[in-house]
Amino acid sequence: MTLALASKTSDDSRLRPIPASRAYAQPRRERSGDAVDITIDIPADFRLQSGERLGQRTLTGRLHGREGTPLIVVAGGISAGRFVHRTETNGLGWWSGAVSIRGPIDLSRFQVLAFDYAPDAGQGSSVTITTHDQARLLGLLLDHLGFETVSAFVGCSYGGMIALAFGELFPRRAEQLVVVSAAHRAHPQATAWRGIQRRILQLAQAAGRPEDGVALARELAMTTYRTAEEFGDRFASTAPASAGQAYPVCEYLTARGKAYRTHTTPARWLSLSDSIDRHAVSPEAISTPVTLVGFDSDRLVPIDDIRELAARLPNLWRLVEAPSLYGHDAFLKEDALVGDILRNALKEIDQ
């Protein structure tokens, strides 16, 4: 593991007042166990960078942890959402290994806000949405909640892209960014893989089998999230009895695809997949302090792109380069390593 450290600076001018020009309706709150769902209305005049209008009229986030403690925003990949911690109805949550009582993002010490990405499942057709659009929607959510600034924005994969866009748009609204497995641009090789996935889904839609298209696209995606070394360790190469039957690794991928096909709609998946490939920020414009984490086995976000981003950031706190068997999914699998990085990044936040 390679570390590069830069000195931390404090800047009281980071506080950004809530715009006084717009009066917001009170967000709707619904308690679910230890968490609170927050739903806000998206302003009628809100437009995406493309000029398009979202089909949805509301945005929902979820607050975990103790009210009145420092707020941390947490965002993950395009399959993630507001259920970051365990819930009564959604199992363990997508990142319970990091967000928990006494965990690396300690819910006894912090309040965590996670949110559902736009477009929601009700969007009937794909929409051209960027990471900057997602950051602007998060800004609206924070405005409604009355948060002038957040203590940290922890973003992984697509969520890391949104964190960088948020830092570029709102330099005084986050005291620090922790960006894991994300860079300032989408790599062309990764765009090529995702482009094939989108064409698979579009062909399946044309054939009247959209859910099968989602499943096949997910299968291909899984081969890019993980590494050849992991697959070599996990799966036997024994051939099936006859041609056309599934090999062990194919059975695994088929199961993952089937599990995912009702997780999202084709229109939403196409929108978010395309959003990843539209991602582009200017690192020099991000003045917020950044902790940056990359894995040398990640084929979707190559370590060279992480290094370039680190070299161009004006306020890099720390660069961590780490090995992993798990490629792009390392942030979900390397609990001990990622946990240590998070604890170190968040340890100086005042109560």
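Residues numbered from 1 in each chain as written. Predicted model: local features only at pLDDT ≥ 70, side-chain atom pairs only at ≥ 80, totals over all residues. Heavy atoms only, no water.

Some remarks on the packing of aromatic side chains
Then, in step 1: Scanning all chains against the criterion turns up 9 aromatic pairs.
Then, in step 2: Aromatic side chains W95 and F331 sit 6.4 Å apart centroid to centroid with 80 degrees between the ring planes, which places their arrangement in the edge-to-face category. Of the two residues, W95 sits in the loop between β5 (71-75) and β6 (99-100) while F331 sits in helix α9 (residues 330-333), which places them 236 residues apart along the sequence.
Then, in step 3: With centroids separated by 5.0 Å and ring planes inclined at 55 degrees, the aromatic side chains of F166 and F170 adopt a geometry described as tilted. With respect to class, F166 is no different from F170; both count as buried.
Then, in step 4: Feature note: the residues W94, W95 and F331 constitute an aromatic cluster, connected by ring pairs.
Then, in step 5: Of note, R218 hangs over the ring of Y260, and the distance from its end group to the ring centre comes to 4.1 Å.
Then, in step 6: Sitting above the plane of the Y326 ring, K333 keeps its charged end 5.3 Å from the centroid. (Phe/Tyr/Trp six-rings, centres within 6.5 Å; stacked < 30°, edge-to-face > 60°. Helix = DSSP H or I, 4+ residues; strand = E, 2+ residues; numbered from the N terminus. Buried < 20%, exposed > 50% of the residue type's maximum accessible area, 1.4 Å probe, protein only. Lys NZ or Arg CZ within 6 Å of the ring centre and 35° of its normal.)

A look at the pairing of β5
Then, in step 1: Here β5 lies mainly inside the structure; 5 of its 5 residues are buried.
Then, in step 2: Here β5 runs beside strand β9 (residues 152-156); their pairing, made up of 4 bridges, is parallel. Looking at the pairing, I72 lines up with A152 of β9. (Pairing = 2+ DSSP bridges.)

Focus on the confidence of the model for the chain
Then, in step 1: Predicted confidence across the chain gives a mean pLDDT of 91, with 91% of residues reaching 70 or more.
Then, in step 2: Note that residues 2-21 has pLDDT below 50 and, in this model, 45 contacts with residues that lie over four places away or in other chains. (pLDDT = per-residue confidence, 0-100. Contact = heavy atoms within 4.5 Å.)

What about the pattern of salt bridges?
Then, in step 1: Applying the stated criterion to the full structure yields 19 salt bridges.
Then, in step 2: As a salt-bridge pair, D37 and R82 come within 3.0 Å of each other at their nearest N and O atoms. Note that D37 is positioned in strand β3 (residues 35-41) and R82 in the loop between β5 and β6, a separation of 45 residues in sequence. Like R82, D37 is buried.
Then, in step 3: The salt bridge involving E308 is made with R312; its shortest N-O contact spans 3.1 Å. Residue E308 and its partner R312 are both found in helix α8 (residues 303-312); the two are separated by 4 residues, about one turn of the helix.
Then, in step 4: On the basis of relative accessible area, E308 is assigned to the partly exposed category, the value being 34%.
Then, in step 5: A single salt-bridge network, built from bridges that share partners, covers D37, R62, R82 and D116. (Salt bridge = Lys/Arg side-chain N within 4 Å of Asp/Glu carboxyl O.)

Digging into the domain arrangement of the chain
Then, in step 1: Segmentation of the chain into domains returns domain 1 (28-187 + 281-347) and domain 2 (188-274).
Then, in step 2: Taken over C-alpha atoms, the centre of domain 1 sits 25 Å from the centre of domain 2.
Then, in step 3: Facing 28 residues of domain 1, the contacting portion of domain 2 comprises 26 residues.
Then, in step 4: Summing both sides of the interface, domain 1 and domain 2 together bury roughly 2,200 Å²; the carbon and sulfur share of this comes to 54%.
Then, in step 5: For the pair domain 1 and domain 2, the interface holds 1 salt bridge.
Then, in step 6: Between R226 and D329 there is a salt bridge; the shortest N-O distance is 2.8 Å. (Domains from an automatic or database assignment. Buried area = accessible area lost by both parts, 1.4 Å probe.)

So, the packing of helix α4 (residues 210-225) against helix α6 (residues 248-260)
Then, in step 1: Where α4 meets α6, the axes come as close as 8 Å, and the angle between the chain directions of the two elements is 130 degrees. In terms of orientation, α4 and α6 fall into the oblique class. The handedness of the crossing between α4 and α6 comes out as right-handed. Where α4 abuts α6, its residues V214, A215, R218, E219, M222 and T223 lie against Y252, L253, T254, R256, G257, K258 and Y260. (Axes fitted to C-alpha atoms, helices over the stretch in contact; angles between N-to-C directions. Parallel < 35°, antiparallel > 145°, perpendicular 65-115°, else oblique. Left-handed = near helix turned anticlockwise from the far one by under 90°.)

Notes on unusual backbone geometry
Then, in step 1: The omega angle of the peptide bond from A118 to P119 is 0 degrees, so this bond is cis rather than trans.
Then, in step 2: As for its position among the elements, P119 is in the loop between β8 (111-115) and α1 (131-145).
Then, in step 3: In this structure, R102 is a non-glycine residue whose phi angle is positive, near 65 degrees.
Then, in step 4: One can find R102 in the loop between β6 and β7 (105-106).

Some points on the packing of helix α3 (residues 188-206) against α4
Two measures define how a pair of helices packs: the angle their axes make with one another and the distance between the axes.
Then, in step 1: Here α3 crosses α4 at 165 degrees, and the two axes come no closer than 7 Å. Viewed along their axes, α3 and α4 adopt a mutual orientation that is roughly antiparallel. For α3 against α4, the interelement crossing comes out right-handed. For the pair formed by α3 and α4, the contact residues are W193, I196, Q197, I200, L201, A204 and Q205 on the first element and P210, G213, V214, L216, A217, L220, A221 and T224 on the second.
Then, in step 2: Here the contact of α3 with α4 is built from residues that sort into 11 nonpolar, 4 polar and no charged. (Nonpolar A, V, L, I, M, F, W, Y, C, P; charged D, E, K, R; others polar.)

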